[in-house]
Amino acid sequence: MIEVRLFATFREGRDKIVYLEPEQASCPADVLDHLKIPHEEVAICLINGFHSKLSDPVKDQDVLALFPPVGGG
Amino acid sequence: MKTSYNGKLARINLSTGEIKVEQLDMELATKFIGGRGLGTKMLYDEGVATVDPLSEDNKLIYITGPMTGTASPSAGRYMVVTKSPLTGMIASSNSGGVWGARLKYAGWDALIVEGKAPEWTYINVSDDKIELLSAKDYVGMMSEEADAKLKEVHPGCSVLNIGPAGEHLSLLAAIMNDKDRAAGRSGVGAVMGSKNLKAITVTATAKVVEPFDAAKLKEATKACNQKIRENGVTGGGLPTYGTAVLVNIINNTGSFPTKNWQESYYPEADDISGETLKDTYLVKNAACHRCPIACGRVIKVGDKVVGGPEYEPLWAYGGNCGLHDLNAIDEANMWCNEYGLDAISTPCTIAAAMELFDKGYIKEEECDGIPLAWGSSEAIVEWTKRMGEGKLPLAKLMADGSYRLCEHYGHPEFSMSVKKQEMPAYDARGIQGIGITYATSNRGGCHVRGYLISPEVLGLPEQLDRTTTEGKAQWCKIFQDLTAAIDSMGLCLFSSFALGAPDYAALLNAGTGTEYTAEELLTVGERIYNIERLFNKAAGMKPEDDRLPKRLTEEPISSGPSKGQISQINVTLPQYYEVRGWENAFPTKETLERLGLAE
Ligand code: SF4
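Novice: Can you tell me about unusual backbone geometry, naming the residues and giving the values?
Specialist: All names here are of chain B. Cis geometry marks the peptide bond from L460 to P461, where omega comes out at 0°. Residue placement: P461 occurs in the loop between α18 (453–458) and α19 (472–489). For D178, which is not glycine, the phi dihedral falls at a positive 50°. For D178, the position within the fold is in the loop between β10 (175–177) and β11 (181–183). Notably, S186 is not glycine yet its phi reads approximately 70°, a positive angle. Structurally, S186 can be placed in the loop between β11 and α6 (188–194). The buried category is assigned to S186, whose relative accessible area is 1%.

In C-alpha cells, the structure reads:
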C-alpha cells in the first residue's frame, strides 16, 4: 500500500490519510489525479520525508505527504 | 524635506527623572535604517556592550523603523534593543500589534530608557508629552489585567508592559504589548524589570506618517499588497492556519525535535497542528497594525478568548515535551503571555527539565507534587505558572533558562541552546542550512534571523535540498542580511514570503527619500549584521560561542524520515565565515572598511 497524507486545504472534502494500491499510482501525479487535486495546487510533495517531483516514482510502502502553499516562522 | 522618520527621540533617565528630546542623527539613520540596525548602532556607540545587563548602566531602546506606521504592508513593528541578560550579547526583540505605530504617530522614532527608577514606575507618552508615573498599583499584576487597568487611566492608549516574570527578573521574561504580542526573546523583560519599569502607555492624536513621496509609496504598497494577496503562503496558508501549519510539514520531514531533541519525529503531531487548531479552538484570525496577512490566532481557552499559540510553542510544549494535548498547550501558552514569558525558551526549558527528571538528575522531591514527566499536561501548565511566579527554588532556576538549569545539574549538554538561548522548532540535523543560522545568530539560538526553512523546506524562493551543505553558507548570509534590513525598516518578516529585496527598497526609498538599489539594501543589512557582531565582540563573545549543542553534531537522529542524519556545521561554518569576510568569527579589517564600520 502507498500511504498518502493530506494536509491543510487538501483535507477539505477528503480523508486525512488515503491508502492506494501500488497499481493505482506510479508517481505523485497519479495520486493527485486519483484524488482530483489539480497538480498546480501542490507546493510541497514529500516521499518518505524528502522533497520530490510529481513525476518521481512511488512504490509499495512509501509515504507521500502533500501540502498546498503554506508556511510560517 | 518630508520623510517617514519623525526625526525625534526621547532619552528618559529613570534614576534622575530627566527626559531629554534629541534629534535623530539622519546620517546614522540612512546607514542603519532604524529599528534593529539603528538601535544596535546607538547601543554600541554608547558603550553598553560591556555593562552588566541587569544593572542601571544597561539601556533599553524601544525603536521603530522608518516604515512603522506608514501604509506599507505589515508596517506595525518595533524593536526592543538592549544587552541581553540571557546571552550577555545583543538583544533585539521584535513585536507587532499597534504599539510601535502609536509611538510613531505620537511623534517619536524611539525611546531610550536609562538608569533605574527608585520605585516601580511607568512611562506615559501622550503625543509630545512624556511623564513618569507611579506603577505601584500594577505591580504583581498579570500582563492582560495591567493592560486593561492602564487603559482605564489613559483611555485609548496602547500598552506595553511586563508581567510578574519580568518583575522577578526571569531571564526568559518577555515584554508584552497589546495583550498578546511579545518582544519575546533574550530576556528583554528582565531588563525592564531591573529598571523598575512596569509599562509604557502611548496615546497619539495623529493617525498617519507622512512619507517622502506619498504617490510612490502608494504605488509600491499597492504592488506589494497584490503580491501578498496572490502568494499562496501570505494570501492563503498564513491567514487560514497561522504559523501552526508548520507542525505537519516539519514533522513529515523528520525534523521536528521531540523530547528535548532526543528524537525528531512525533507520530501524534497532527493532534497539535494548525489544521487541528483550526477545527477545534480557533475563534478567528487577527492582524497586527496594517497587516494584510493576519496570521494571528484568537482561540478559546476554557471560557476565555485569548491570543493563540504560534508554531514554536505548539512544538516546544508539544512534541518537545512528548505531549499532544492541544488544550494544555493553549493554556500554557496563555500563561506565557500573562506572566510575560518567552513562549519558545520557557517550554524548551521545561523540556530540558523533563530530560533531567527522566534521567534522575532532578528528583521527585524537588517537584513539589508535580513531576516533570514527559507528556504531562499538568506539568507544562503548572511549571509555566511556577516559572512565571519564580518562587519555588526549582522554578526560579528554570526561569533563567535551560542552560543555567542544566549546568546547575552538571549536564549543560542537555540544554538545546546556542549562546545560552534555546533553539526553535527545526532540527538542524535534518535541515542543514538552518544550523548555520542557529550557530551564527547574533542573539543566540533563533530561527528568524535567516529563515532558511523557506528555501530548504517550503521551496521559497526556490527549493533547495535540505540534506546538503552546498551553497547554504551563501544563502544564509543573504537571508540574514535581508532580514536585518526588513527588521530595521519596521516591517514584518513574514511579508518576505511574497516580497523580495527590490520591493523593500522601493518601499524604503518612497518612505525616506533614499535611493537604495536592492543590492545596496542588502549591503545595509550586512552592515547591520556586522555591527551586531562587533557589539558581541565587545561584550566578550568568543569564537566557540558560534557552536551547536553536541547532540546535533554527535547524536544522529534516531528514527523517522531523517534517521541517521547529523549536522554538518563543521563543514558549513568555515564556508560561512569566508562568504562573510570574517576570520575566527569576527569581521576582518577589510570587511569593516568595505561596510563603513572601521573605527
Ligand atoms: S504577518 Fe502576522 S505577525 Fe506579521 S505583522 Fe502580520 S499579523 Fe503580525
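Novice: How would you explain the environment of S255(B) if you had to name every residue and give the values?
Specialist: Residue and element names in this part refer to chain B. Structurally, the position occupied by S255 is in the loop between α9 (246–252) and α10 (274–279). The exposure class of S255 is buried, given its relative accessible area of 0%. Each C-alpha atom of the pair S255 and T512 lies 42 Å from the other, and the pair is 257 residues apart in sequence.

Novice: Lay out the pairing of strand β5 (residues 63–67) of chain A in plain terms, naming residues and giving numbers.
Specialist: Along any regular strand the residues' side chains alternate between the sheet's two faces. Residue and element names in this part refer to chain A. For β5, a buried count of five out of five residues is recorded, marking the element as mostly surrounded by other parts of the structure. Side-chain alternation along β5 places V63, A65 and F67 on one buried face and L64 and L66 on a second face that is also buried. As defined by bridge partners, strand β1 (residues 2–6) adjoins β5 across four bridges and the pair is classed as parallel. Note that in β5 the partner of R5 across the bridge is A65.

Novice: With reference to specific residues and values, describe the site of the ligand.
Specialist: Residue and element names in this part refer to chain B. Near the ligand, the surroundings consist of S74, R77, R181, A286, A287, C288, C291, I293, A294, C295, C492 and F494. Considered class by class, the residues forming the shell around the ligand number nine nonpolar, one polar and two charged. The residues that make up the shell around the ligand include at least three from each of domain 1 (8–203) and domain 2 (245–421).

Novice: I'd like a description of the sheet that holds strand β14 (residues 296–301) of chain B, backed by residues and values.
Specialist: Residues and elements named next belong to chain B. Overall, antiparallel pairing links the three strands, which are arranged β13-β14-β15 in an open sheet. Strands with a single pairing partner mark the edges of an open sheet, and in this sheet they are β13 (282–286) and β15 (304–307). Each strand axis lies, on average, 25° off the axis of its neighbour in the sheet, ignoring direction. Summarising the sheet, β13 and β14 pair through four bridges and their orientation is antiparallel. From the neighbouring strand, L282 faces β14, where its bridge partner is I299.

Novice: I'd like to hear about the sheet that holds strand β4 (residues 50–51) of chain A, residue by residue, with values.
Specialist: Residues and elements named next belong to chain A. If you walk across this open sheet you meet the five strands as β2-β1-β5-β3-β4, and the pairing is mixed. Looking at strand neighbours, the two that pair on one side only are β2 (17–20) and β4, the edges of this open sheet. Across the sheet, helix α1 (residues 28–35) is in contact with β1, β2, β3 (44–47) and β5; its angle to β5 comes to roughly 65°.

Novice: Pulling in residues and values, what's your account of the domain arrangement of chain B?
Specialist: Residues and elements named next belong to chain B. In terms of domains, chain B is made up of domain 1 (8–203), domain 2 (245–421) and domain 3 (428–497 + 517–594). The straight-line distance from the C-alpha centre of domain 1 to that of domain 3 is 27 Å. Taken together, domain 1 and domain 3 are joined by two salt bridges. The partner of R36 in a salt bridge is D487, with the nearest N and O atoms 2.8 Å apart. At the level of elements, α1 (26–32), α2 (35–45), β4 (78–83) and β5 (90–95) are the ones that each hand at least two residues to the side of domain 1 that touches domain 3. If you tally residues by element for the side of domain 1 that touches domain 3, the top one is α2, at seven residues.

Basis of the calculations
- In this numbering scheme, every chain counts its residues from 1 along its sequence in written order.
- To label them, take the chains in the order written and letter them from A, then take the ligands in the order written and number them from 1.
- A pLDDT threshold of at least 70 governs which residues receive local features in this predicted model, and a stricter bar of 80 or more applies before side-chain atom pairs are shown or counted, although totals over entire chains, interfaces and linings include all residues.
- Each side-chain value is worked out from all heavy atoms of the structure, with water and hydrogens disregarded.
- Helical segments are the DSSP runs of H or I of at least four residues, strand segments are the runs of E of at least two, and each set is numbered from the N terminus.
- Relative accessibility under 20% of the residue-type maximum defines a buried residue, over 50% an exposed one, and the middle range a partly exposed one, all with a 1.4 Å probe and only protein chains included.
- Two strands pair under a simple rule: DSSP has to find at least two bridges between them.
- If a single non-hydrogen atom of a residue is within 4 Å of a molecule or strand, that residue counts as near it.
- Residues were grouped as follows: Ala, Val, Leu, Ile, Met, Phe, Trp, Tyr, Cys and Pro as nonpolar; Asp, Glu, Lys and Arg as charged; and all remaining residues, including Gly, as polar.
- Note that domain bounds follow an automatic or database assignment of domains.
- Fitted lines through C-alpha atoms give the axes, limited to the stretch in contact for helices. The angle between two N-to-C directions lies from 0 to 180 degrees.
- Here, two residues are considered to be in contact whenever any of their heavy atoms come within 4.5 Å of each other.
- By convention in these notes, a salt bridge is any Lys or Arg side-chain nitrogen within 4 Å of a carboxyl oxygen on Asp or Glu.

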